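For reference, the chains in residue letters:
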Amino acid sequence: MSHTLHHLRKLRLQRSELAVPGSNPEMIRKAADGGADYIFLDIEDAVAPPDKERARKNIIQALNEIDWRAKGKTISVRINGLDTHYMYRDVVDVMEQAGDRLDTILVPKVGVPADLYMVDAMVTQIETAKGFKTRVGLEALIETALGMANVEAIAAYGGRLEAMHFGVADYAASCKARTVSIGGLNPDYPGDQWHAALSRMTVACRAYGLRPIDGPFGDFSDPDAYIAAARRAAALGIEGKWAIHPSQIELANAVFSPPEKEVTRARRIIEVLKEAEEQGKGAAALDGKMIDAASERMARNVLVMHEAIEQSARSRTSLPNWGGVGHGHS
């Protein structure tokens with residue numbers, strides 16, 4: 001193991017991430033009582049230019065009126081891009097009026113580390129000026145060719161950065177890729193054309209202590225395809241996936257939750273290796289398979305996620321089903 005280690009910067013349960021347009025207060029209210037671990041209130045792609053100012057005000061009101069943390073939610077706001085004139089007002093208004101109620105800011109179309117530095121500096125100044133005791137994290141949306149070309153440098157930025165998200169729709173547009181639906185597979189490609197990008201982003205995240213999150217799947221009428229995409233992401237080490245419709249929330253929660261048999265096996269791995277250690281052995285056998293220190297590290301990853309899920313479940317009240325629609329193209 002290298003002497004240079006970057007531990008996880010911030011543990012947050014992020015199996016399912018619901019995109020909610022800030023222009024729709026009713027959807028925001030319903031999202032608070034839904035089953036998503038993480039919600040981002042959107043001022044960017046899901047909001048038309050004439051509605052952005054109103055959406056920003058709706059979001060500030062919702063942050064102040066709803067106790068998101070008591071409902072077991074991580075609450076985020078996706079601001080507009082740094083190349084727009086909306087961005088500075090998004091950061092200033094949201095942070096000054098509700099910054100102590102916010103968990104993270106999702107920064108879209110991050111292309112270089114300096115993009116994060118700009119938002120980080122603004123947030124730091126506002127928190128200091130307002131005397132906030134909370135610290136808002138940043139999350140980077142990697143959705144351009146430039147962002148992917150610089151993904152390792154962006155991951156190494158440090159500061160407030162906690163996570164990276166893969167925005168497949170804008171990434172496809174940036175690369176001029178031929179697609180059939182947002183996040184779907186092109187039958188002309190022999191496999192998953194998003195695999196390389198997702199894998200590269202995930203490695204960058206894990207190298208620098210960030211949470212890797214997969215983005216949207218546009219065809220919410222095809223749950224099987226959504227599940228398949230989520231499973232491919234989970235196989236790479238990704239922690240969660242966006243939901244652009246409430247029907248996708250429980251699908252994501254199921255895929256990114258370790259099954260009970262996996263939790264049981266993880267506990268057994270730790271027990272058996274402890275017994276082996278007491279006997280002076282560095283490896284052992286469990287169910288006919290060799291296990292060693294690497295097995296223990298993987299087992300502990302499973303148990304950390306399981307405990308986070310259990311803790312979140314304990315903090316939530318009974319949550320009704322709802323039929324609103326989230327929107328979040330990236």
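Below or above, wherever it landed, is the structure these notes cover.

Rules and cut-offs
Residues numbered from 1 in each chain as written. Predicted model: local features only at pLDDT ≥ 70, side-chain atom pairs only at ≥ 80, totals over all residues. Heavy atoms only, no water. Helix = DSSP H or I, 4+ residues; strand = E, 2+ residues; numbered from the N terminus. Contact = heavy atoms within 4.5 Å. Salt bridge = Lys/Arg side-chain N within 4 Å of Asp/Glu carboxyl O. Buried < 20%, exposed > 50% of the residue type's maximum accessible area, 1.4 Å probe, protein only. Disulfide = S-S within 2.5 Å. Pairing = 2+ DSSP bridges. Right-handed = clockwise from strand over helix to strand, strands pointing away.

**So, the environment of Glu162**
Next up, step 1: Within the element layout of this structure, Glu162 appears in strand E6 (residues 161–166).
Next up, step 2: C-alpha of Glu162 to C-alpha of Thr104: the two residues are 58 residues apart in sequence and 8.7 Å apart in space.
Next up, step 3: Beyond its immediate sequence surroundings of up to four residues, Glu162 is in contact with Lys10, Arg12, Thr104, Gly137, Leu138, Gly209, Leu210 and Arg211.

**Here's the deal with the pattern of salt bridges**
Next up, step 1: Going through the model one piece at a time under the given rule, you end up with 23 salt bridges.
Next up, step 2: Among the ionic pairs, Asp90 bridges to Arg56, the shortest N-O distance being 2.8 Å. Placement of the pair is Asp90 in helix H3 (residues 87–98) and Arg56 in helix H2 (residues 52–65), with a sequence separation of 34 residues.
Next up, step 3: Residue Asp90 is classed as buried on the basis of its relative accessible area of 0%.
Next up, step 4: For Arg56, a relative accessible area of 7% puts it in the buried group.
Next up, step 5: The closest approach of N and O atoms between Lys241 and Asp214, which form a salt bridge, is 3.0 Å.

**Observations regarding the state of the cysteines**
Next up, step 1: Going through the model one piece at a time under the given rule, you end up with 0 disulfides.
Next up, step 2: Free of any disulfide, Cys175 has its nearest neighbouring cysteine sulfur in Cys205, separated by 17 Å.

**Quick word on the pairing of strand E1 (residues 16–21)**
Next up, step 1: Along E1, 6 of the 6 residues are buried, which leaves the element largely enclosed by surrounding structure.
Next up, step 2: Going residue by residue along E1, you find Ser16, Leu18 and Val20 tucked away on one face and Glu17, Ala19 and Pro21 tucked away on the opposite face as well.
Next up, step 3: As paired elements, E1 and strand E8 (residues 240–243) share 3 bridges and run parallel to each other. Following the sheet pairing, Glu17 is matched in E8 by Trp242.
Next up, step 4: Sheet analysis places E1 next to strand E2 (residues 38–42), joined by 5 bridges and oriented parallel. If you follow Ala19 over to E2, its bridge partner there is Phe40.
Next up, step 5: The handedness of the E1 to E2 crossover, carried by helix H1 (residues 25–32), is right-handed.

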